[in-house]
Amino acid sequence: MQGGNAGQGKANFDDIYDKPDPREYFRVLAELEYQIPQRARPVFAALLAARRRTGIADGDHAGTVLDLCCSYGVNAALLRCDLSMTDLVRHYADPSLTGLPAAELEAADRAFYAAHRRPYPPRIVGVDAAANAVGYGRRVGLLERGAAENLETGPPSAQLTATLADVGLITATGGVGYITERTFDALLRETPAPRPPWVAAFVLRIFPYDRIAETLHRHGLLTEELAGVTFPQRRFASPHERDSALDAVRARGLDPAGKEDRGQFHACFYLSRPASDVEAEPLAPLLNGLAVEAGGAEADAAGPRER
């Protein structure tokens, strides 16, 4: 993960996020039915398609994505390969891989991901403070580039800054709460004018997004929330985590009925773009129903809200 600001009583999984390989990561999170990358994949794919239509993304690729709090490259695996979260969990639970040294697993994973690569996959730049995880994602071919950096505490390196001119979409599926507006400000300060990337974030309902949206607005991005739809993230790891989440949701004036009170974290989706892009194609038509389908939500048919 990017930093250490999670708070809100969330369980601490630092011990699985930066191991030499992702076997333990998938084992633990599979037990908690971790699913937000799978829910997010069709949404991100729709946004990349929209980037192609606008002419921002080039030729044979679906554009370049900068994935915040990328860990081992899970979002990259789903976007670049014809694989699901179920496939990844099954792969890393395979008994034939259980006892392999990390170096041998790495070689097996390079072949595994290469065999499942989609035609013309997007390029993914991964950013995470977990150096082992980022390095693994790079070495097995999921991340074209990786930056083991904590942008909460300092500006991006020269190497990371050099990649920003090619980035059309910044994504986050669970990082907000670990990262704040400082990370987004640090990136967008270094993004070349005149066309900033879009920012697509799935944010747990226990966390407000206002300060990040305000920061993005200062960089020329208008934020829309997909109203009436939430996305399950994972089951709570303990009664304490459940109670803390329920308290946090209620403190924000939100109703946990049918969501957190059923034992899962739920996330909202926010998309930030230049106002001209919002006017040209608002959020709901842009996703064309994919978000509702992906979220499996009991939606209320409300439209997007600007922030």
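Caption draft 1: Quick peek at the pattern of salt bridges. One pass over the full model with this rule turns up 14 salt bridges. Among the salt bridges present, the one from Asp-21 reaches Arg-23, with a minimum N-O distance of 2.8 Å. Of the two residues examined, Asp-21 and Arg-23, each falls in the buried class. Residue Glu-224 is joined to Arg-273 by a salt bridge in which the shortest nitrogen-to-oxygen separation is 2.6 Å. Of the two residues, Glu-224 sits in strand β6 (residues 222-226) while Arg-273 sits in strand β8 (residues 264-273), which places them 49 residues apart along the sequence. Among the charged side chains, a network of salt bridges with common partners joins Glu-24, Arg-27 and Glu-31.

Caption draft 2: The arrangement of the environment of Ala-165 in detail. Following the sequence through the fold, Ala-165 ends up in the loop between α9 (158-163) and β4 (167-172). In the structure, Ala-165 is positioned 31 residues away from Pro-196 in sequence and 8.8 Å away in space, judged by C-alpha atoms.

Caption draft 3: Spotlight on helix α2 (residues 23-31). Among the residues of α2, Arg-23, Tyr-25, Phe-26, Val-28 and Leu-29 are the ones counted as buried. Just downstream of α2 lies Glu-33, where phi reads positive at about 55°.

Caption draft 4: Representation of empty space enclosed by the protein in the model. What the rule picks out here adds up to 2 cavities of 30 Å³ or more. By volume, the second largest cavity amounts to about 50 Å³. Along its surface, the second largest cavity is lined by Pro-22, Phe-26, Tyr-72, Gly-73, Val-74, Ala-77, Leu-88, Tyr-92, Tyr-113, Tyr-136, Val-140 and Leu-142. Those elements that provide at least two residues to the lining of the second largest cavity are α4 (74-80) and α5 (85-92). Taken together, the residues of the lining of the second largest cavity sort by class into 11 nonpolar, 1 polar and no charged.

The rules behind the values
Residues numbered from 1 in each chain as written. Predicted model: local features only at pLDDT ≥ 70, side-chain atom pairs only at ≥ 80, totals over all residues. Heavy atoms only, no water. Salt bridge = Lys/Arg side-chain N within 4 Å of Asp/Glu carboxyl O. Buried < 20%, exposed > 50% of the residue type's maximum accessible area, 1.4 Å probe, protein only. Helix = DSSP H or I, 4+ residues; strand = E, 2+ residues; numbered from the N terminus. 1 Å grid on protein atoms, 1.4 Å probe; cavity = no way out; pocket = protein on both sides within 12 Å on 5 of 7 lines; lining within 4 Å. Points joined across faces, edges and corners; volume = space filled by probe spheres on them. Nonpolar A, V, L, I, M, F, W, Y, C, P; charged D, E, K, R; others polar.

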